[in-house]
Amino acid sequence: MKGSRLVPNCKRRHLSKLFSLFQSHRTLHTASVTDYLQVTSDDLENERKGIDFNALFKSCTKLQQVKCAHTLVVVSGRFKDNFLSSKIVNLYSQHGDVSLAWWTFHHLPNKDVYTWNSMAFAYVSHGRFREALGCFNQFFSTSGLRPDFYTFPPVVKACGDLLDGKKIHCLVLKLGFEWDVFVAASLVHMYSRFGLVGDARKLFDDMPARDRGSWNAMISGYCQNGNAAEALDIADEMRLEGVKMDAITVASVLPVCAQVGDILSGKLIHLYVIKYGLEFELFVSNALINMYAKFGSLGHAQKVFGQMVVRDIVSWNSIIAAYEQNNNPVSAHLFFHKMQEARVQPDLLTLVSLASIVAQLNDHQNSRSVHGFVMRKGWFMEYIIIGNAVVDMYAKIGNLDSARAVFGGLLIKDVVSWNTMITGYAQNGLASEAIEVYLLMGEHEEIIPNQGTWVSILPAYSHVGALQQGMRIHGQVIKNCLYSDVFVGTCLIDMYGKCGKLDDAISLFYQVPRKNSVPWNAMISCYGVHGDGEKALELFREMRAERVKPDHITFVSLLSACSHSGLVSDAQWCFNMMEEEYGIKPSLKHYGCMVDLFGRAGELEMAFNFIKKMPIQPDASAWGALLNACRIHGNIELGKHASERLFEVDSENVGYYVLLSNIYANVGKWEGVDDVRSLARDRGLRKNPGWSSIILNNKVDVFYTGNQTHPKCEEIYRELRDLTSKIKTIGYVPDFCFVLQDVEEDEKEHILMGHSERLAIAYGIISTFPKTPIRIFKNLRVCGDCHTVTKFLSIITEREIIVRDSSRFHHFKGGTCSCGDYW
DNA sequence: TTAGGGTTAG
């Protein structure tokens, strides 16, 4: 028999490797691999005598040459030796080859406890818990052997649910292993894992002896259940008992410090880490990076990362996520490149971060690369998290078609998938699509809506002014005890505010926690859109008095509120305070608000000078605000200049062409109107049609300007003609400067009557009981003539009419409007 | 010869 046939399952190359090992040990006198493979079994028998088997085996294991070691065992005929085969099982397991471990294990005729333990441990260490439990059950029921101290800890770890855990616990008690520190620690941890921290604590308290591992098990139990205070307390108790924290203690506690925002404890632990040289532990450094990232201390995170000698995938993911989650996608991307240079293969979580980075950079090209990479890896099938991340990525860059396609293709969807899709639509202004997805979600009973669902759907309902539906969500929120959640509360404030229920918004505002700026911003913005700049300022003063730190959004809301109410000097006060007192550098949005403020107040020169003095390149919002001001105040020359600058920075936005053509039309310069129109046409832009909507009996009716297709069209026009003649008797005179076509006066009056807001209001009047308030929503700004008409309508119909347009609210009552005709 | 307790997540 040839030597090679003795080892049927081992490849020749292992033999040759083995042979070189033999050579290096100088214990085998065969000259070459070929010679060795030619030897017969008799020869081998003789050769074997000359081999120092133990030395060779040790050498193979030391060199991590697992296949050589295996070959050696087989070639030397010792494969029935439990000790050696178990060692091989462990070695294969360490090398990540569980199937070869099982193969070795499986062919052992008389397995002992050590062998079974080794196999179960191999499964556990690769996260194959079900197989580990199966292995244990088979061992317990068929081998006739008694488990030992080493058997239980891995098996306890493998328990997938409380029932399994309790069964194993019973067995431990029956066999009397409960006071082994390793077994007890694993039980403590098992109970914590299933949320029974109290039971875990009882076991821990009853332990007659505790080592550091026992303390760690209890601490991590608390940490993983979010019991931060208890975790930190028991860590302190451990210190008082003279047990020092090790890398594992630190790695458990650091995430808790981050979670509860305890920067001081976090830093003290970091000092401890440095003092005891734990910073070279991979887990510790990784946990430190994550903690500093959560505190927003990117400098510290990067310093820890920079000092690491060995980095693993978690280290790279952590530093990438640190920048990604602190809105620094450029640096995050840089670290991703460095990771590739270091030849570390990205994993699932790398891609989750990368998807967010690509979204933040609005990088359409790379969004497809991310999508493709995930597809090639086949991760969509297995992991919901990456599917959701890709949906989110596409939604954030405004590619809703791709987002929906990926969403539709997800084999399993959880509540986050639905929330992501709803948010995606809502944040891209596609409220009805968001609502459609939300309603579709309701058809899947297994999906339970959560906080994220309310936060995603409420803005969609506010956007379309769907008060009834919004209130229904409010009911659900109360049912789910989420009314004190600051984010849900803020969305409700926003919803009530945007649906014209300012009083409800205010009362809700005083019910939610107000420690951070979020609800304040929402309430200030509500006052702003309702044209009450004074109240917005008053609330801002209250916010300062309560020592709540405003952020950049607070100032955008505040400046815009001032702008809509003509509070020029107050706005200037806020603008200066922003940087001087709070160190917030004004962004383009803030500059845009200021230009808008000066412009609306008729201070066109001030607005223009303000733009000229801006320390950053003015964008479309600044020039657009100036152009709008020129329209309101009829300044053609400056309007022309503003539009030229505007088209340099944004030539795609059709709204600006409309604004410019309005300026010409208002003063009857029809050739100017034609020029602008043809310019827009040449650039392939089409006017965004004006429309208004009204919700009656949960049904949304949308009217486009000049709409002739509504089923009640005739009635609506009849009512409008009737109402128009009535309001003419009390002083209404049509203002033709809002007609942007060069036609006869009769025709102009007809055009005005066909404005979408008027159609919606008339439809509301004929469809509701007398004196019922009417709420309508318009996608563009309300027209000046319609504004006048609505004031008169509020007198003769004795109704409140609430019109929400693209920038604010108009609350008409008894012939006046809440905006005081300033908008 | 084998065991427990540890870091990243939409």
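Residues numbered from 1 in each chain as written. Chains lettered and ligands numbered in written order. Predicted model: local features only at pLDDT ≥ 70, side-chain atom pairs only at ≥ 80, totals over all residues. Heavy atoms only, no water.

### Section: empty space enclosed by the protein
Where empty space is left in the structure can be found by rolling a water-sized probe over the atoms. So the rule is basically this: As defined here, a cavity is a set of points on a 1 Å grid over the protein atoms alone where a 1.4 Å probe fits but cannot get out. A pocket is an open set with protein on both sides within 12 Å along at least five of seven lines, and residues line them when an atom is within 4 Å of a point. Grid points are joined across faces, edges and corners, and a volume is the space filled by probe spheres set on the points. Under the scheme used here, helices are H or I runs from DSSP no shorter than 4 residues and strands are E runs no shorter than 2 residues, and both carry numbers assigned from the N terminus.
This model, assessed by the stated rule, comprises four cavities of 30 Å³ or more. Here the largest cavity defines a volume of roughly 60 Å³. For the largest cavity, the full set of lining residues is Trp116, Asn117, Ala120, Cys135, Phe136, Phe139, Tyr150, Thr151, Pro154 and Val155. Mapped onto the lining of the largest cavity, the elements with two or more residues apiece are helix 8 (113-125), helix 9 (129-143) and helix 10 (152-158).

### Side note on the environment of Ile776
Heads up, the rule is: Relative accessible area decides the class of each residue, using a 1.4 Å probe on protein chains only: under 20% of the type maximum gives buried, over 50% gives exposed, and in between gives partly exposed.
The residue Ile776 is located in strand 3 (residues 774-778) in this model. When its relative accessible area of 4% is taken as the criterion, Ile776 is described as buried. Spatially, the C-alpha atom of Ile776 lies 9.4 Å from that of Cys499, the residues being 277 residues apart in sequence.

### As for helix 29 (residues 451-463)
Put simply, the rule reads: The span you would expect from a helix comes to 1.5 Å times its residue count less one. Note on definitions: a residue-residue contact is assigned when non-hydrogen atoms from the two residues lie within 4.5 Å. Pairing of N or O atoms within 3.5 Å defines a polar contact, subject to two protein rules: one partner must be a possible hydrogen donor and the other a possible acceptor, and residues neighboring in sequence count only if both atoms are side-chain atoms.
With 13 residues, helix 29 ought to run about 18 Å at 1.5 Å a step, and its terminal C-alpha atoms sit 19 Å apart, in line with that. Those residues of helix 29 that fall on the buried side of the exposure criterion are Thr453, Trp454, Ser456, Ile457, Leu458, Ala460, Tyr461 and Ser462. As for helix 29, its buried residues are in contact with helix 27 (415-427), helix 28 (431-442), helix 30 (467-479), helix 31 (486-498) and strand 4 (801-804). Between the side-chain oxygen at the start of helix 29 and the backbone nitrogen of Gly452 there is a gap of 3.0 Å, and the oxygen is on Asn450. Gly465 occupies a position one or two residues after helix 29 and carries a positive phi of about 65°.

### Topic: the pattern of salt bridges
To keep it simple, the criterion reads: Criterion for a salt bridge: a side-chain nitrogen of Lys or Arg within 4 Å of a carboxyl oxygen of Asp or Glu.
Throughout the structure, instances matching the rule amount to 22 salt bridges. The salt bridge involving Arg201 is made with Asp205; its shortest N-O contact spans 3.1 Å. Remark: Asp205 and Arg201 occur in helix 13 (residues 197-206); sequence separation between them is four residues, near one turn of the helix. Classification of Arg201 by relative accessible area gives partly exposed; the value is 22%. Asp532 is paired through a salt bridge with Lys535; the nearest N and O atoms lie 3.9 Å apart. Using a relative accessible area of 36% as the deciding quantity, one classes Lys535 as partly exposed. Connected through shared salt-bridge partners, Arg201, Asp205 and Glu237 make up one network.

### Things to note about the side chain of Ser417
Looking at where Ser417 falls in the secondary structure, it is placed in helix 27. Take Ser417: its relative accessible area is 1%, and that puts it in the buried class. Aside from chain neighbours lying at most four places away, what touches Ser417 is Ile384, Asn388, Phe407 and Leu410.

### Digging into the environment of His787
As for its placement among the helices and strands, His787 is situated in helix 46 (residues 784-796). His787 sits in the buried class, given a relative accessible area of 2%. For the pair His787 and Glu757, spaced 30 residues apart in sequence, the C-alpha separation works out to 9.4 Å. Among all residues touching His787, those that are not within four sequence positions of it are Val782, His810, Phe812, Cys817, Cys819, Asp821 and Trp823.

### Regarding the packing of helix 17 (residues 263-275) against helix 18 (residues 282-295)
Just so we agree on the cut-off: Fitted lines through C-alpha atoms give the axes, limited to the stretch in contact for helices. The angle between two N-to-C directions lies from 0 to 180 degrees. Between 65 and 115 degrees an angle is taken as roughly perpendicular, under 35 as roughly parallel, over 145 as roughly antiparallel, and anywhere else as oblique. By convention, the crossing between two helices is left-handed when the near helix turns anticlockwise from the far helix through less than a right angle, and right-handed when the turn is clockwise. The nonpolar class holds Ala, Val, Leu, Ile, Met, Phe, Trp, Tyr, Cys and Pro. Asp, Glu, Lys and Arg form the charged class, and all remaining residues, Gly among them, are polar.
Between helix 17 and helix 18, the least distance of the axes is 11 Å, while the angle of their chain directions is 155°. The angle between helix 17 and helix 18 places the two elements in the roughly antiparallel class. Considering the relative orientation of helix 17 and helix 18, their crossing is left-handed. Seen from helix 17, the contacting residues are Ile263, Gly266, Lys267, His270 and Val273; seen from helix 18, they are Val284, Leu288, Met291, Tyr292 and Phe295. Partitioned by chemical class, the residues of the contact of helix 17 with helix 18 number seven nonpolar, two polar and one charged.

### Here's the deal with the packing of helix 13 against helix 14 (residues 212-224)
When two helices pack together, you describe them by how their axes are tilted relative to each other and by the distance separating the axes. Where helix 13 meets helix 14, the closest approach of the two axes is 10 Å, and the angle between their N-to-C directions is 165°. The angle between the axes of helix 13 and helix 14 places the two elements in the roughly antiparallel class. Pair helix 13 / helix 14 crosses with left-handed handedness. When helix 13 is examined against helix 14, the residues Val197, Ala200, Arg201 and Phe204 are found in contact with a partner set consisting of Ser214, Trp215, Met218 and Tyr222. Here the contact of helix 13 with helix 14 is composed, by residue class, of six nonpolar, one polar and one charged.

### Points about the UniProt feature "repeat: PPR" (unreviewed entry) in chain A
Here is the rule: UniProt positions are given in the numbering used here, feature names are shortened, and annotations may be inferred rather than shown by experiment.
Taking the numbering used here, the UniProt-annotated feature "repeat: PPR" (unreviewed entry) corresponds to residues 112-147, 211-245, 312-346, 414-444 and 516-550. A helix fraction of 81% and a strand fraction of 0% characterise residues 414-444, whose end C-alpha atoms lie 10 Å from each other. Overall, residues 516-550 shows 74% helix and 0% strand. The separation of its end C-alpha atoms is 8 Å.

### A word on the protein's contact with DNA strand B
Test applied: Note on definitions. A residue lies near a molecule or strand when any single heavy atom of the residue is within 4 Å of it.
Inspection of the region around DNA strand B gives 44 residues, with Tyr114, Asp211, Asn216, Asn286 and Asn388 positioned closest. Between DNA strand B and the protein, one listed contact pairs a phosphate oxygen with a side-chain N or O atom of His189 at 2.7 Å. Within the backbone of Gly213, one N or O atom sits 3.4 Å away from a base nitrogen of DNA strand B. For the surface near DNA strand B, the residue count by class is 22 nonpolar, 14 polar and eight charged.

### Focus on the pairing of strand 4
Heads up, the rule is: Between any two strands, pairing holds if DSSP finds at least two bridges. We call a crossover right-handed when, viewed with both strands directed away from the observer, the connection leading from the first strand over the helix to the second proceeds clockwise.
Of the two faces of strand 4, both are covered, the one formed by Ile801 and Val803 as well as the one formed by Ile802 and Arg804. Two elements, strand 3 and strand 4, share four bridges in a ladder whose sense is parallel. Within strand 4, the residue paired with Arg775 across the bridge is Ile802. For the crossover from strand 3 across helix 46 to strand 4, the handedness is right-handed. By the bridge criterion, four bridges tie strand 4 to strand 5 (residues 809-813) in an arrangement that is antiparallel. If you follow Ile802 over to strand 5, its bridge partner there is His811. What sits between the antiparallel neighbours strand 4 and strand 5 is a turn of four residues.

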